[in-house]
Amino acid sequence: MTTDTTTPAAPTPGAAPTTPVLEATGVTMRFGGLTAVDNVALTVNSGEIVGLIGPNGAGKTTFFNCLTGLYIPTEGTVSYKGTVLPHRSHLVTQAGIARTFQNIRLFPNMTVLENVLVGRHTRTKEGLFSALIRGPRFKKAERESEARAMELLEFTGLAAKRDHLARNLPYGEQRKLEIARALASDPGLLLLDEPTAGMNPQETMATQELVFAVRDQGIAVLVIEHDMRFIFNLCDRVAVLVQGKKLVEGTPSVVQSDERVVAAYLGTPYEDAPGAEEAAEVAAAEAHAGHTPTTAADTPPADTDTPGTGTTGTTDGAGTKGEEQA
Ligand SMILES: Nc1ncnc2c1ncn2[C@@H]1O[C@H](COP(=O)(O)OP(=O)(O)OP(=O)(O)O)[C@@H](O)[C@H]1O
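For every chain, the first residue of the written sequence is number 1, and numbering continues from 1 onward in sequence order. Side-chain atom pairs in this predicted model are given and counted only at pLDDT of 80 or more, local residue features only at pLDDT of at least 70, and totals for whole chains, interfaces and linings cover all residues.

As recorded in an unreviewed UniProt entry, the protein goes by the name ABC transporter ATP-binding protein, listed as coming from Streptomyces xinghaiensis.

Structure below.
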């Protein structure tokens, strides 16, 4: 089950050549006796959106923390555009990797614009002295930062709310603001940790469009998500972590049809799936009676409450429905 099968996406004929933006090699993270990430290798190329999926506790966030300098991996190296990254998060941001977190981490009592300006600080050169005297150079830098922050608010659809306090934004807009703040450091790679967690379908769709737009700006994206429909619609390539190890990597269709992934993560209906138990009972009763539906009246309607046809496509922990991923 722990064999690493890597199936790189086939290059599109005539497409611009891709170059590695992120290269993680042999990344291992141990906490005492627990190996949370075990010898994981992953490459993200320019122009790509790559997904990282796996059951709860598989090591996805720990891997992100190793990539972004929050954790010093026990073993392995992480390179950005060919240079090995230091184990300091602000230096990783400065190098060109930005991230959002699983739990929203905005400054709730600052305005929308101020939150984005905070994200801009790694790209401003003015020091404390310059800030204290507020000379012309400082004011010019400040105007430039504000102009860039406003561009990002336009890009994420939040410009009209620039003066609202972050805590007063609806949930979906707070998530967008996190992305705008991450983009303020002008990254070449954006890491998103469960960007659609808690979102309704409209917000999820808007996030999908936003991530495509980010990629179209020349920023590679690596995204952790439990919403399989989102992941398989969005990503060029998907890697699956199970118990800290990379189980499979490949195109969405390769990953969805890999029986080890189905068994370890996608295959079984998630607990409390609406109607799953009832549907299983009906199937068992039909099998017992030797009844095979043959007419339209016999055939159950294709409703969304039966296993494999749920509407969210979201896994929660050990698994979700394999059929709905197609
Ligand atoms: N700082 C830490 N100290 C000790 N153990 C940790 C630490 N951080 C994570 N772990 C453990 O490492 C394992 C992987 O956790 P991690 O949060 O990376 O999983 P995940 O795949 O992101 O899960 P989820 O999908 O629930 O967010 C878990 O067993 C977790 O308890």
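Attention shifts here to the overall build of the protein. Only runs of H or I of at least four residues qualify as helices and only runs of E of at least two qualify as strands under DSSP, and these elements are numbered from the N terminus. Within the protein, the regular secondary structure consists of 11 helices and 11 strands. The 326 residues of the protein split such that 39% are buried. Here, residue contact means that the backbone-derived C-beta atoms of the two residues sit within 7 Å. Contacts in the protein between residues at least 24 apart in sequence constitute 70% of all its contacts with a sequence separation of at least 6. Each residue is classed by its C-beta neighbour count within 10 Å, where at least 20 other C-beta atoms makes it buried, 12 or fewer makes it exposed, and intermediate counts make it partly exposed; the C-beta atoms are placed from backbone geometry.

To continue, consider helix H1 (residues 60-67). With 7 of 8 residues buried, H1 lies mostly within the body of the structure. Immediately beyond the C-terminal end of H1, within one or two residues, lies Gly69, with a positive phi of roughly 80°.

Moving on to the sheet that holds strand S5 (residues 75-80). Note on pairing: DSSP must find at least two bridges between two strands before they are called paired. Pairing is antiparallel across the open sheet formed by 4 strands, whose spatial order is S3-S2-S5-S6. Lying at the two open borders of the sheet, with one neighbouring strand each, are strand S3 (34-45) and strand S6 (83-84). With 5 bridges joining them, strand S2 (residues 20-31) and S5 adopt antiparallel strand pairing. Across the sheet, the residue bridging to Thr28 is Glu75, located in S5.

Moving on to the domain arrangement of the protein. What marks off one domain from the next here is an automatic or database domain assignment. In terms of domain boundaries, the protein breaks down into domain 1 (1-96 + 187-266) and domain 2 (106-184). Tallying the contact residues gives 12 residues for domain 1 and 9 residues for domain 2. Among the secondary structure elements, those contributing two or more residues to the side of domain 1 that touches domain 2 are helix H2 (89-95) and helix H7 (201-216). Sort the elements by how many residues they give to the side of domain 1 that touches domain 2 and H7 lands first, with 4 residues. Put simply, Ala, Val, Leu, Ile, Met, Phe, Trp, Tyr, Cys and Pro go in the nonpolar bin, Asp, Glu, Lys and Arg in the charged bin, and everything else, Gly too, in the polar bin. By residue class, the composition of the side of domain 1 that touches domain 2 is 6 nonpolar, 5 polar and 1 charged.

Next up on the list: the pairing of S3. Looking at chain direction, S2 and S3 are connected through 8 bridges and run antiparallel. What sits directly across from Glu23, in S3, is Thr43. Connecting the antiparallel pair S2 and S3 is a turn made up of 2 residues, with Gly32 showing a positive phi of about 55°.

What makes a nonpolar core is a set of buried Ala, Val, Leu, Ile, Met, Phe, Trp, Tyr and Cys residues, with links drawn between C-beta atoms within 7 Å. Ranked by size, the top nonpolar core spans 72 residues in total, and within it Ala180, Leu189, Leu190, Val221, Leu222 and Val240 carry the most contacts. In this view, Leu190 contacts Ala98, Ala182, Val214, Ile219 and Val221; residues no more than four positions away in its chain are not counted.

Turning to the environment of Tyr80, a few remarks are in order. Along the chain, Tyr80 falls in strand S5. Its 21 C-beta neighbours within 10 Å are what place Tyr80 among the buried residues. A C-alpha to C-alpha distance of 9.6 Å links Tyr80 and Val44, two positions 36 residues apart in sequence. Each residue touching Tyr80, except ones within four places of it in the same chain, is listed here: Val21, Leu22, Leu85, Ala95, Gly96, Ile97 and Leu189.

Further remarks concern the environment of Lys60. Inspection of the secondary structure assignment puts Lys60 in helix H1. Distance from Lys60 to Thr196, taken between C-alpha atoms, is 16 Å for residues 136 residues apart in sequence. Look past the residues within four positions of Lys60 in its chain and what remains in contact with it is Leu52, Gly54, Ile224 and Leu241.

Residues in contact with the ligand, as listed here, are Phe31, Leu34, Ala36, Gly54, Asn56, Gly57, Ala58, Gly59, Lys60, Thr61, Thr62 and Gln102. When residues of the shell around the ligand are traced back to their parent elements, those giving at least two are S3 and H1. Here the shell around the ligand takes 3 residues from H1, the largest share from any one element. Of the residues contributing to the shell around the ligand, the split by class is 4 nonpolar, 7 polar and 1 charged. In this analysis, residues qualify as near a molecule or strand once their C-beta atom, positioned from backbone atoms, comes within 6 Å of it.

With that settled, the discussion passes to the confidence of the model for the protein. Where the model shows low pLDDT, its predicted coordinates should not be examined in detail. Per-residue confidence for the protein gives a mean pLDDT of 81, with 72% of residues at or over 70. For the protein, the element scoring lowest by mean pLDDT is strand S1 (residues 5-6), at 50; strand S9 (residues 220-224) scores highest, at 98. Across the chain, each position has a pLDDT score giving the predictor's confidence in that residue, from 0 to 100. Taken as a whole, residues 269-275 scores under 50 in pLDDT and shows 12 contacts with residues more than four places along the chain or in a different chain. Throughout residues 316-326 the model reports pLDDT below 50, and contacts reaching past four residues in sequence, or to other chains, amount to 35 contacts.

So, on to the pairing of S5. Both S5 and S6 contribute to a ladder of 2 bridges, which runs antiparallel. Bridging across to S6, Tyr80 finds its partner in Thr83. What sits between the antiparallel neighbours S5 and S6 is a turn of 2 residues, in which Lys81 has the positive phi angle 50°.

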